[in-house]
Structure formats: structure tokens, C-alpha cells
Amino acid sequence: MSKDPANKMWGGRFTASPAEIMEEINASIGFDKRLATQDIRGSKAHAEMLAAAGIITKEDSKRIIAGLEQILGEVDSGKMAWSRALEDVHMNVESRLKDVIGAPAGRLHTARSRNDQVATDFRLWVRDRLDELDAALARLQLALARKAETHAGTVMPGFTHLQPAQPVTFGHHLMAYVEMLARDRGRMGDARKRLNECPLGAAALAGTSFPIDRHATAKALDFDGPTANSLDSVSDRDFALETLAAASIAAMHLSRLAEEIVIWVTPQFGFIKLSDRFTTGSSIMPQKRNPDAAELSRAKVGRIAGAFQSLLMVMKGLPLAYSKDMQEDKEVTFDALDSFGLALAAMTGMVEDMEAQPETMRAAAGRGYSTATDIADWLVRELKLPFRDAHHLTGRVVALAEGRGIELEGLTLADLKTIDPRFRADALDVLSVENSVASRKSHGGTAPQNVRKMARGWIRKLEKAAGAG
């Protein structure tokens, strides 16, 4: 290894190159080169501001910006040569800029530090990803809402404790996830709003003595404004933590839907079918059709929530301001948001691909005495019984059906009258699963007309937003 300290852009204070193990643990270029686009964008804004403030000449600023544009082209084309000896993306870009334009490159780092530079780059990267993820979440919502509209009246069993509870419609079930994803988008939107302040100009930790215009760089980078405290600007990563927390909750929702797909596609349920596009086979069992895309999407929440915990542990004991521990923020965040984006794409594809099996769903909806609550409601509504009394009588009706080995729809009026002579013929109507779901007209209920209205409302809203985007 060379002993020449000139190979380090932060040389001068140091008289020898680092030990090999130090370079191994210190270098971040292997992963933070993903920030190159954001780094160059921030540097262009910084150069423009320096010239406008009279800190560097306009000629130097123009040469710097032109050089950065050339480097961006090299990055985009894959021609950029990354050097591990230069540690990180910032040093690599600056070194390359010197190769391209010479001495003026050395003026770019005036009035900034790698500390505020990386904080700015990382915020820009996370903000870009949040915008992409919001669009992906909206696409999944739209796929669910369209499928829900198609199956607004398709009856299926609703479950609690994974036991048949009351009949619902498949469309209603799918719309539950549309609402969950709406809240996920809200959380991510909140995270985006809070991160949208610009750290550039905070310098190493204390600000700078140069007459910079932080509001100008913030505006150039589409931030709402500059961060208010230079120490806070460079020393916190709560914007990444909040994004990972929101992504963890959203991934949990995807995992629940993936789990249901895994259950629904089994022969024991048979509620849906998936095509070859989202299933795989077995190496020894030719009959198998495995829902691997759903299973892998279900597993992604572990990586995403793990990233949140990892970064939380990195940050929990750090004194102000910057510590090199914070270099550990990027790999986990990159991986987590990549994983989340992949799971979103897979889940959207599966929702669009899955084919409901209405007859199987309808048959299952009628099993397990799922209209028992409808009998209790009839007793309260028609005979004015207190609900607890109605609940007790309904329990006896269920016991009668269970003893005879039939479902509730198989009972006759004579059967009901053996429980209570006040039962009337119209009580038999509530035993139908179709009538059960149709009766649930309360706001947010499973009645097909409710589901159809909600699905269409979401479809219009999502399609309009997609068109505007």
C-alpha cells in the first residue's frame, strides 16, 4: 500500500495511509455510490449559490456545473470509475471533477462539509423513494379497488380467529386493504413532509462564516426551506427512521394480504386461483403450484422492520453532532426500501392475476352457522327482545342445527318454533348468506351496494391522481 498521503483528499493532517483494515471498515463507496445523482444535484445547487453570493466567481461556477453534468452522464451510462481509496461518493465525484475541470473543482467544497452533504443527499434519495413508493401503493390500491368492484356481490365467509364468523363479500374484504394502504400512504406522506428541509449549509456542525444563502439552495433542491439548527441538521436520521417505520407498517399490511392469498389458494379453501405467472412448481412433486411470490412478499416485512430496528440501535446512543456510526444508515435503508418496492410490485401483480372462485366462496360462506347473528338481530328487531336474550335463543338454534348435522339454511319454520313459538316465516329469510350481506347497509358495511359505491369512488380518485401525475 502506498505511503503517500496525497492519495487521500483529506490529507495534510495525516502522514501515512490507513491500515488495510481501516480502509475496509471505513470505505462506503460500495453502497453510497447510489447517492451519486443526489450528490451531483446538491453540488450544482451549492455551486450556483456560491456564485450568486459572490463566494466564487460565476465562471468557476459554470465550469463546475458543466463538469458535474459530464460526471452525471458518466454515472448514468455506467462509465464512472469508482475508487475505494477515496472512501465515499462525495470524494469520488469531487476527485473526478478535478480530473475534468482542474483547479476550480477545489472551490466547490467551500462553505460545506461531507456531514451536511451526506445529510442532504440522503434526504433527497429517501424523498425520491417515497414518491416512487407512494405511486406503487396507489397502483396496488387501484388493482384492489377494481377487483373489489367486480366482486362487490361475491359472497364469502368473513372470519374472526380464522373461524367462520359472518358472511361478507370478496369485494368488501379487498376494500379493507385499500383503506389500510391509504393510511400507509398517509404515514409516508407525513414522513416526506417532515424530511423536506435542507441541511446543506450546516457545514460540519456549526454552520459557516461564509455569507451563504441557505434558502436559495433549499429552493433549488425543492425543499420547503433550510433546517433550523446546524447541529440537528447533520446529526439526526429520524427522517430515515420515520420512513422505515412507515414502510414496516405498510409491509405488515402486505404480509397479511400475502398470507390470505397463501390460504385462499390452497385446495382446502380454493377461494382463488393464481396463474403460472405468480406460482412455481416442485422439483419432485409435479402436481404442486406454490404461491412463492406471496410467500416471499410475506417475508419481506422481516427485512424492512429489521432495518428500522438496526438504524434505531445505531442512533440511540450517539452524542451530538456527527459520528461515523451514521454511515450504517444507508445500506439498511437502501435494502429495506428496495425490498418494499419489490413486494409492492409482486402484490399488485398477484391481485391483478388472481381469479376468484365464487361458487367455492359461496359454499364456504354458508358453513359454520355464519348467519347466526342475523337470527339474533331478527329477534331484536321483530320481537323487540333484549339482545342478550336473543343471543341465548340463537345459541339454541345453532345447537339444534349442529345436532342434526345441517347448516342454518336447512332449518324449517317448524324447527325454529321448537325453540320459540314466536318465530315467523320471515325469520327464514335471514338465514340466507345473500340476504345477510345485503342487509349490512350501515356505513362501512358489507352490503354489495356499499362496496360497489366505495370501490368506484376509490377508482375515480386513484385514476384521476394517476392521470394528473
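Everything numeric in this text was worked out from a predicted model, so none of it was measured.

Criteria and thresholds
Chains are numbered independently. Their residues run from 1 in the order of the written sequence. Reporting in this predicted model follows two pLDDT cut-offs: at least 70 for local features of residues, and 80 or more for side-chain atom pairs to be given and counted; totals over whole chains, interfaces and linings ignore these cut-offs and use all residues. The basis for every side-chain value is the complete set of non-hydrogen atoms in the structure, without hydrogens or water. Numbering goes from the N terminus for both helices and strands, where a helix is a DSSP run of H or I of at least four residues and a strand is a run of E of at least two. Contact criterion: two residues are considered in contact whenever any of their non-hydrogen atoms come within 4.5 Å of each other. Using the Shrake-Rupley algorithm and a 1.4 Å probe, accessible areas are obtained, with residue cover drawn only from the displayed protein chains. For the charge count, each Lys or Arg is scored as positive and each Asp or Glu as negative, with His and the chain ends excluded. Every charge is mapped onto a representative atom, which is NZ of Lys, CZ of Arg, CG of Asp or CD of Glu. Residues qualify for a patch when their relative accessible area is over 30% and they have no salt bridge, like charges being joined within 9 Å and the nonpolar side chains of Val, Leu, Ile, Met, Phe, Trp and Tyr within 5 Å. Any Lys or Arg side-chain nitrogen found within 4 Å of a carboxyl oxygen on Asp or Glu counts as a salt bridge. A 1.4 Å probe that fits but cannot get out identifies a cavity on a 1 Å grid over protein atoms alone, an open set with protein on both sides within 12 Å along at least five of seven lines counts as a pocket, and a residue lines either if it has an atom within 4 Å of a point. Grid points are joined across faces, edges and corners, and a volume is the space filled by probe spheres set on the points. Note that Gly is not counted as nonpolar here; it falls among the polar residues with everything else outside the nonpolar set of Ala, Val, Leu, Ile, Met, Phe, Trp, Tyr, Cys and Pro and the charged set of Asp, Glu, Lys and Arg. Per-residue confidence from the predictor is reported as pLDDT, a score between 0 and 100. For Phe, Tyr and Trp, where Trp contributes only its six-membered ring, two rings pair if their centres lie within 6.5 Å, and the inter-plane angle classes them as stacked under 30 degrees, edge-to-face over 60, or tilted in between. For every residue, the accessible area (1.4 Å probe, protein chains only) is compared with the maximum for its type, and the residue is labelled buried under 20%, exposed over 50%, or partly exposed between those bounds. Here, a charge over a ring means that NZ of Lys or CZ of Arg falls within 6 Å of the ring centre while also lying within 35 degrees of the ring normal. Expected span of a helix: the number of residues minus one, times 1.5 Å.

Comments concerning the overall build of the protein
For the protein, the count of helices and strands is 18 helices and four strands. Partitioning the contacts of the protein with sequence separation of at least 6, the portion at a separation of at least 24 is 73%. Accessible area for the protein stands at about 22,300 Å²; split by element, carbon and sulfur atoms hold 53% of it. One way to put it: in the protein the 61 positive side-chain charges average out to a point 3 Å from where the 62 negative ones average out.

Focus on a negative patch on the surface
A contiguous patch of negative charge on the surface is contributed by Glu197, Asp224, Asp232 and Asp238. Looking at the element boundaries, aspartate 232 is found in helix α9 (residues 230–235).

Quick notes on empty space enclosed by the protein
Enumeration over the complete set of coordinates arrives at one cavity of 30 Å³ or more. Taken as a whole, the largest cavity holds about 40 Å³ of empty space. What lines the largest cavity is Gly366, Tyr369, Ser370, Thr371, Leu408, Glu409, Leu431 and Val433. Tallied by class, the residues present in the lining of the largest cavity amount to four nonpolar, three polar and one charged.

A few points about the layout of surface pockets
Within this model, the largest pocket holds a volume of roughly 290 Å³. Lining the largest pocket are His172, Met175, Ala176, Glu179, His443, Gly444, Gly445, Gln449, Asn450, Val451, Lys453 and Met454. For the lining of the largest pocket, the secondary-structure elements that each account for two or more residues are α7 (170–195) and α18 (448–468). Looking at the lining of the largest pocket, its residues break down into four nonpolar, six polar and two charged.

A few points about the environment of proline 199
Of note, proline 199 is situated in the loop between α7 and α8 (214–220). Distance in space between the C-alpha atoms of proline 199 and phenylalanine 223 is 9.8 Å, their sequence separation being 24 residues. Aside from chain neighbours lying at most four places away, what touches proline 199 is Asp116, Ala119, Thr120, Arg123, Arg214, Thr227 and Ser233.

Quick look at the confidence of the model for the protein
Within the protein, residue pLDDT values average 92, and 94% of them lie at 70 or more. For residues 1–7, every residue scores under 50 in pLDDT, and the model assigns this stretch 15 contacts once sequence neighbours within four places are set aside.

Re unusual backbone geometry
Here the residue pair leucine 320 and alanine 321 is connected by a cis peptide bond, since its omega of 10 degrees sits within 30 degrees of zero. Within the secondary structure, alanine 321 sits in the loop between α11 (292–315) and α12 (329–353). Unlike most non-glycine residues, glutamate 87 shows phi in positive territory, near 75 degrees. Along the polypeptide, glutamate 87 turns up in the loop between α4 (58–77) and α5 (89–101). Positive phi, close to 60 degrees, is recorded for lysine 384, a residue that is not glycine. Structurally, lysine 384 can be placed in the loop between α14 (372–383) and α15 (387–404).

What to know about the packing of aromatic side chains
Each aromatic ring pair is specified by the distance between its two centres and by the angle formed by the two planes. For the structure on display, the rule yields seven aromatic pairs. Taking the centre distance of 5.7 Å and the plane angle of 15 degrees together, the rings of tryptophan 378 and phenylalanine 423 count as stacked. One end of the pair, tryptophan 378, is in helix α14; the other, phenylalanine 423, is in the loop between α16 (413–419) and α17 (433–439), with 45 residues separating them in the sequence. Given a relative accessible area of 1%, phenylalanine 423 falls into the buried group. One aromatic cluster is present, built from ring pairs that chain together Phe122, Trp125, Phe239 and Phe334. In this structure, arginine 127 packs its charged tip against the face of phenylalanine 223, placed 4.8 Å from the ring centre.

Thoughts on α11
Helix length check: α11 (24 residues) gives 35 Å between terminal C-alpha atoms against 34 Å at 1.5 Å per residue, within 8%. Looking at α11, one finds that the buried residues are Ala293, Ala294, Ser297, Lys300, Ile304, Ala307, Leu311, Val314 and Met315. Taken together, the buried residues of α11 touch α9, α10 (238–264) and α12.

Quick notes on the pattern of salt bridges
Taken as a whole, this structure holds 28 salt bridges when the rule is applied. We note a salt bridge from glutamate 434 to arginine 362, for which the minimum N-O separation is 2.4 Å. Taken together, the positions of glutamate 434 in helix α17 and arginine 362 in helix α13 (residues 358–365) put the pair 72 residues apart, joining distant regions of the chain. Taking relative accessible area as the criterion, glutamate 434 reaches 35% and is therefore assigned partly exposed. Residues arginine 440 and aspartate 377 are paired through a salt bridge, measuring 3.2 Å at the closest nitrogen-oxygen approach. In this pair, arginine 440 sits in the loop between α17 and α18 while aspartate 377 sits in helix α14, placing the two residues 63 residues apart along the sequence.

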